[in-house]
Amino acid sequence: PGIQKNPYGLSEIDYYVFDIYDIFNQRYLKSDERLALCSILGIKHAPTFAPYQTDSRTTVQELLKFAEGQSILNNKAQREGIVFKNILNPQVSFKAISNAWLLKND
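Residues numbered from 1 in each chain as written. Predicted model: local features only at pLDDT ≥ 70, side-chain atom pairs only at ≥ 80, totals over all residues. Heavy atoms only, no water.

Caption draft 1: Representation of the overall build of the chain. Each helix and strand counted, the chain has 3 helices and 4 strands in total. Here the chain, with 106 residues, has 21% of them falling under the buried criterion. As displayed, the chain has an accessible area near 8100 Å², and 55% of this comes from carbon and sulfur atoms. Distance between charge centroids for the chain: 4 Å, based on 12 positive and 11 negative side chains. (Helix = DSSP H or I, 4+ residues; strand = E, 2+ residues; numbered from the N terminus. Buried < 20%, exposed > 50% of the residue type's maximum accessible area, 1.4 Å probe, protein only. Areas by Shrake-Rupley, 256 points an atom, 1.4 Å probe, with all protein chains shown as cover. Lys, Arg positive; Asp, Glu negative; His and termini not counted. Charge placed at Lys NZ, Arg CZ, Asp CG, Glu CD.)

Shown next, in the form of structure tokens:
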């Protein structure tokens, strides 16, 4: 709760998996592998959305608009943004930070 001024209003420390690195095979798990392992082990995974497909026509403005919205962790708080991860290649990712969140939390 004391991290980054607790914008989500959490009352206690909690842990969510975001990525898993397989040290034996020297690679990050793909999205479906990571979610399955978290489910098997009973470990919370960071909130996810349905797949969002991008291509060369996707604009920055579209991604920033999608990044805005209410947090899944606390629906009374705006989310900071969204991390986009490639489903097939987990080493490819980027974060779109909500402009509304930036203006409120500057």
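Caption draft 2: Molecular detail of the confidence of the model for the chain. Summary statistics for the chain give a mean pLDDT of 88 and a share of 99% for residues scoring 70 or more. Within the chain, the element-level pLDDT minimum falls on helix α3 (residues 99–104), averaging 87, and the maximum on strand β1 (residues 21–22), averaging 96. (pLDDT = per-residue confidence, 0-100.)

Caption draft 3: Spatial organisation of unusual backbone geometry. Phi is positive for Gln-26, close to 55°, though the residue is something other than glycine. If you trace the backbone, Gln-26 turns up in the loop between β1 and β2 (27–28). We classify Gln-26 as exposed; its relative accessible area is 55%.

Caption draft 4: Fine view of the environment of Gln-4. Residue placement: Gln-4 occurs in the segment before β1. Each C-alpha atom of the pair Gln-4 and Asn-105 lies 9.9 Å from the other, and the pair is 101 residues apart in sequence.

Caption draft 5: Just the pattern of salt bridges, in detail. Counting across every chain of the model gives 6 salt bridges. Residue Lys-85 pairs with Asp-19 through a salt bridge whose shortest N-O separation is 3.1 Å. With Lys-85 in strand β3 (residues 81–85) and Asp-19 in the segment before β1, this pair connects stretches of sequence that are 66 residues apart. Using a relative accessible area of 30% as the deciding quantity, one classes Asp-19 as partly exposed. Taking the shortest distance from any N to any O, the salt bridge between Asp-55 and Arg-57 comes out at 2.6 Å. With relative accessibility at 37%, the residue Asp-55 sits in the partly exposed group. Counted as one network, the salt bridges with shared partners bring together Asp-19, Arg-34 and Lys-85. (Salt bridge = Lys/Arg side-chain N within 4 Å of Asp/Glu carboxyl O.)

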